[in-house]
Amino acid sequence: MADIHQNAQEVVQDAKSKGAPFTEPHLDKANIYTWLAWQNPPGRQLHQAVTERILNPHHPHAQKFVSWFKTLYSLTWVLAAINQSTIVSKLAENAHVPEFGSCKK
């Protein structure tokens, strides 16, 4: 499998040298999706490759991605919690709650 992955990287570099329009930040994505295109069946999504154990999330090369992914979603959760807290506070500040017994029948 390592030879196929190396070959996928070479093909991606060759495509880039021939004018493939992907940018440098997308190089890893181009490499992995090229490799996935050569699997059976071709064209799996990245999450499918992990859940079907085509890709090993415990492999040393995957740890950088796994760390980034965990950091991203921890940060997203924290930001979501902060935003939710802020929204609830703003709603409470602006809410008009009638006094008990002040509602007309």
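Reference entry: report on the structure contained in this document. If you're wondering where the values come from, they're calculated on a predicted model, not measured in any experiment.

Notes on the layout of surface pockets
Stage number 1. Size it by volume and the largest pocket reaches roughly 1,300 Å³.
Stage number 2. In terms of lining residues, the largest pocket is bounded by 31 residues, among which Ile32, Leu55, His61, Ala62 and Phe65 are the most central.
Stage number 3. If you list the elements that add at least two residues to the lining of the largest pocket, you get α1 (2-17), α2 (27-37), α3 (46-51) and α4 (63-94).
Stage number 4. No other element matches the nine residues that α4 contributes to the lining of the largest pocket.

Some points on the packing of aromatic side chains
Stage number 1. Tallied over the entire structure, the rule returns zero aromatic pairs.
Stage number 2. If you follow lysine 16 out to its NZ or CZ, it ends over the ring of phenylalanine 22, 4.9 Å from the centre.

Topic: the pattern of salt bridges
Stage number 1. In the structure shown here, the tally under the stated rule is two salt bridges.
Stage number 2. The closest approach of N and O atoms between lysine 18 and aspartate 14, which form a salt bridge, is 3.2 Å.
Stage number 3. On the basis of relative accessible area, lysine 18 is assigned to the exposed category, the value being 66%.
Stage number 4. Across the salt bridge formed by arginine 44 and glutamate 52, the nearest N and O atoms sit 2.5 Å from each other.
Stage number 5. Since its relative accessible area comes to 40%, glutamate 52 is described here as partly exposed.

Thresholds, definitions, all that
- Residues numbered from 1 in each chain as written.
- Predicted model: local features only at pLDDT ≥ 70, side-chain atom pairs only at ≥ 80, totals over all residues.
- Heavy atoms only, no water.
- 1 Å grid on protein atoms, 1.4 Å probe; cavity = no way out; pocket = protein on both sides within 12 Å on 5 of 7 lines; lining within 4 Å.
- Points joined across faces, edges and corners; volume = space filled by probe spheres on them.
- Helix = DSSP H or I, 4+ residues; strand = E, 2+ residues; numbered from the N terminus.
- Phe/Tyr/Trp six-rings, centres within 6.5 Å; stacked < 30°, edge-to-face > 60°.
- Lys NZ or Arg CZ within 6 Å of the ring centre and 35° of its normal.
- Salt bridge = Lys/Arg side-chain N within 4 Å of Asp/Glu carboxyl O.
- Buried < 20%, exposed > 50% of the residue type's maximum accessible area, 1.4 Å probe, protein only.

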